[in-house]
Amino acid sequence: MSRPEPSRTLPDRSIYERRESQVRSYCRAMPRQFVKALGPWMYDEQGGRYLDFLSGCSTLNYGHNHPVLKQALIEHIQNDGITHGLDLHTRAKAEFLRTFEELILEPRGLDYVVMFPGPTGTNAVEAALKLARKVTGRDLVISFTNGFHGMTLGSLACTGNAAKRHGAGVPLDNVVHEAYDGYYGPDVDTAELLERRLSDGSSGLDAPAAILVETVQGEGGLNSASAAWLRKIADLAKRHGALFIVDDIQAGCGRTGGFFSFEEAGVEPDIVTLAKSLSGLGLPLAVTLIRRELDVWQPGEHNGTFRGNNHAFVTATAALRHFWSDGEFVGELARRGEYLAERLERMAEAHGLETRGRGMMRGIVMPSGELAVKVTAACFARGLIIETSGADDEVVKVLAPLNIDDEIFARGLDLVEECVGEVMSKSAKTSMEVVK
């Protein structure tokens, strides 16, 4: 079972071509009709088996249909448990909040209140931005180059990618994009540049309501901020009266090591956004974590119809209890993250490339987006689902399940290595022929 076995024929896609919007994307690179998934595997209707190194863009950190989480949901449904509850009190919500408090917040000395803004990550970011502006009375938000924060207008304004921004159709105002850690190379401290701008009354940079950052840029190319840089940014925000917001939607829930990606930096954000793998089973669930004294909302001032997804509360509680009740899972994450780093570094050294990322959120940087897409296409042809990241799609990004079996993990990385080697060899051969 450690080897993928992809199907070789295309399914009938006429219903999608006839009725689904042109905006669809992943299915274009992976044209199969999937019918079943378990652990790290996905199966198509023709019986093909695919190893999933995309994990729903880090939504399925514990793999597909984890049996403990699935059983908890089945029992809830069989007992006619609440499905939809707006923001009413329900047992499922209470158990989630108690478990999150006991296993995540209290051990880390954090006293956040939990806001349920709506079902997706962009809802969490929009709530964070709105609250920061309400608390400070300021308009401007500082985000960073290559950042990605969502596709609704407020979070899209904080996103750097030009192609995504152009889809807005209106001006994306009240945000400036400053240089992320390493943007100008290793010898330029961009935190110091930002400090200079904020401290200079003639820089043209207004006092910000918030500074919004990803510790590892999931869609922006797996650029990883150093702990020292994050501490400087957190301090900058505090000294200049801005809220420090960490977008942990893709990098959180264990993807970079600890439950929160900012733990190793020793910082305590004013606001944290979480979504993706919070429910553990792929059910929509997002939260905005707020320092208690900043919770100045009026009742109903920000809401959403699906902020009470009780099925997601049930599976999130089961995931926290199963994976985060002791340190065993974190130890396994560290071991797998080190193994992933070693394997990718070996690939990179063999072809004069580089790697990026942290923990189980890493990738290999190809010379171009065109070559990276060739790698992912070659992987899919061999039964490995994997995607690209970065401003030009130049990074082949590994987002394997955090609890993946060692043998299966190694086999998947063997396929990545094989495909990188194949694409790089063909590219070198083509370059030589051009020179001749």
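Since the model is a prediction, treat every value here as computed from it, not as a measurement.

S.K.: So what exactly am I meant to see when it comes to the overall build of the chain here?
M.R.: If you tally the helices and strands in the chain, you get 14 helices and 15 strands. Expressed along its principal axes, the backbone C-alpha trace of the chain runs to roughly 60 × 60 × 45 Å. Every one of the 436 residues in the chain was classed for burial, and the buried ones make up 53%. For the chain, restricting intrachain contacts to residue pairs at least 6 apart in sequence, the fraction spanning at least 24 positions comes to 74%. Total accessible area computed for the chain in this model is approximately 19,600 Å², and 50% of it derives from carbon and sulfur atoms.

S.K.: Please clarify how the pairing of strand S7 (residues 210-213) should be interpreted in this entry.
M.R.: Burial of S7 is two-sided: the residues Ala210 and Leu212 facing one way and the residues Ile211 and Val213 facing the other way are all buried. Sheet topology places S7 next to strand S8 (residues 243-247); four bridges connect them, and they run parallel. Among the inter-strand pairings, isoleucine 211 is bridged to a residue of S8, identified as phenylalanine 244. With respect to chirality, the unit in which S7 leads through helix H10 (residues 227-239) into the neighbouring parallel S8 is right-handed.

S.K.: Help me understand the packing of helix H5 (residues 91-105) against helix H11 (residues 310-323), please; the structure alone is not making it clear to me.
M.R.: Axis angle and axis distance: for two packed helices, these are the angle between their axes and the distance between the axes, and together they describe the pair. Running from amino to carboxyl end, H5 crosses H11 at an angle of 30°, the nearest separation of the two axes being 8 Å. Our classification of the angle between H5 and H11 gives roughly parallel. Judged by the sense of rotation from one axis to the other, the crossing of H5 with H11 is left-handed. Counting all contacts with H5, which are made through Ala92, Lys93, Glu95, Phe96, Thr99, Phe100, Leu103 and Ile104, the residues of H11 involved are Asn310, Phe313, Val314, Ala316, Thr317, Leu320 and Arg321. Partitioned by chemical class, the residues of the contact of H5 with H11 number nine nonpolar, three polar and three charged.

S.K.: Mind showing me how you'd approach the pattern of salt bridges here?
M.R.: Side chains carrying opposite charge are able to pair once their charged atoms draw close together. Tallied over the full model, the rule gives 23 salt bridges. Of the charged contacts, one joins aspartate 111 and arginine 292 as a salt bridge, the two residues approaching to 2.9 Å between their closest N and O atoms. In this pair, aspartate 111 sits in the loop between H5 and strand S4 (112-115) while arginine 292 sits in the loop between strand S10 (287-291) and H11, placing the two residues 181 residues apart along the sequence. Across the pair arginine 356 and glutamate 394 runs a salt bridge whose closest N-O atoms are separated by 3.7 Å. A residue pair is termed long-range when its members are at least 10 positions apart, and arginine 356 in strand S11 (residues 354-358) and glutamate 394 in the loop between strand S14 (387-389) and strand S15 (395-398) qualify at 38 residues. Here glutamate 394 falls in the buried class, since its relative accessible area comes to 13%. Members of the salt-bridge network, linked through shared partners, are Glu332, Arg335, Arg336 and Asp406.

S.K.: Got a minute to help me understand the packing of aromatic side chains in this structure?
M.R.: Where two aromatic rings form a pair, the distance of their centres and the angle of their planes describe that pair. The final tally for this structure, using the stated rule, is 20 aromatic pairs. Judged by centre distance (5.1 Å) and plane angle (85°), the ring pair of phenylalanine 259 and phenylalanine 260 falls under edge-to-face. Here phenylalanine 259 and phenylalanine 260 have matching classes, each one buried. The interplanar angle of 20° and the centroid separation of 5.0 Å between the aromatic rings of phenylalanine 260 and phenylalanine 262 together place this pair among those described as stacked. In terms of burial, phenylalanine 260 and phenylalanine 262 fall into one category: buried. Ring pairing ties together the aromatic residues Tyr62, Phe96, Phe100, Phe116, Phe259, Phe260, Phe262, Phe313, Phe323, Trp324 and Phe329, which thus form one cluster. When the ring centre of tyrosine 43 is taken as reference, the NZ or CZ atom of lysine 36 above it lies at 5.5 Å. The residue whose ring lies beneath arginine 49 is tryptophan 41, and the NZ or CZ to ring-centre distance is 5.1 Å.

Criteria and thresholds
- Residues numbered from 1 in each chain as written.
- Predicted model: local features only at pLDDT ≥ 70, side-chain atom pairs only at ≥ 80, totals over all residues.
- Heavy atoms only, no water.
- Helix = DSSP H or I, 4+ residues; strand = E, 2+ residues; numbered from the N terminus.
- Buried < 20%, exposed > 50% of the residue type's maximum accessible area, 1.4 Å probe, protein only.
- Contact = heavy atoms within 4.5 Å.
- Areas by Shrake-Rupley, 256 points an atom, 1.4 Å probe, with all protein chains shown as cover.
- Pairing = 2+ DSSP bridges.
- Right-handed = clockwise from strand over helix to strand, strands pointing away.
- Axes fitted to C-alpha atoms, helices over the stretch in contact; angles between N-to-C directions.
- Parallel < 35°, antiparallel > 145°, perpendicular 65-115°, else oblique.
- Left-handed = near helix turned anticlockwise from the far one by under 90°.
- Nonpolar A, V, L, I, M, F, W, Y, C, P; charged D, E, K, R; others polar.
- Salt bridge = Lys/Arg side-chain N within 4 Å of Asp/Glu carboxyl O.
- Phe/Tyr/Trp six-rings, centres within 6.5 Å; stacked < 30°, edge-to-face > 60°.
- Lys NZ or Arg CZ within 6 Å of the ring centre and 35° of its normal.

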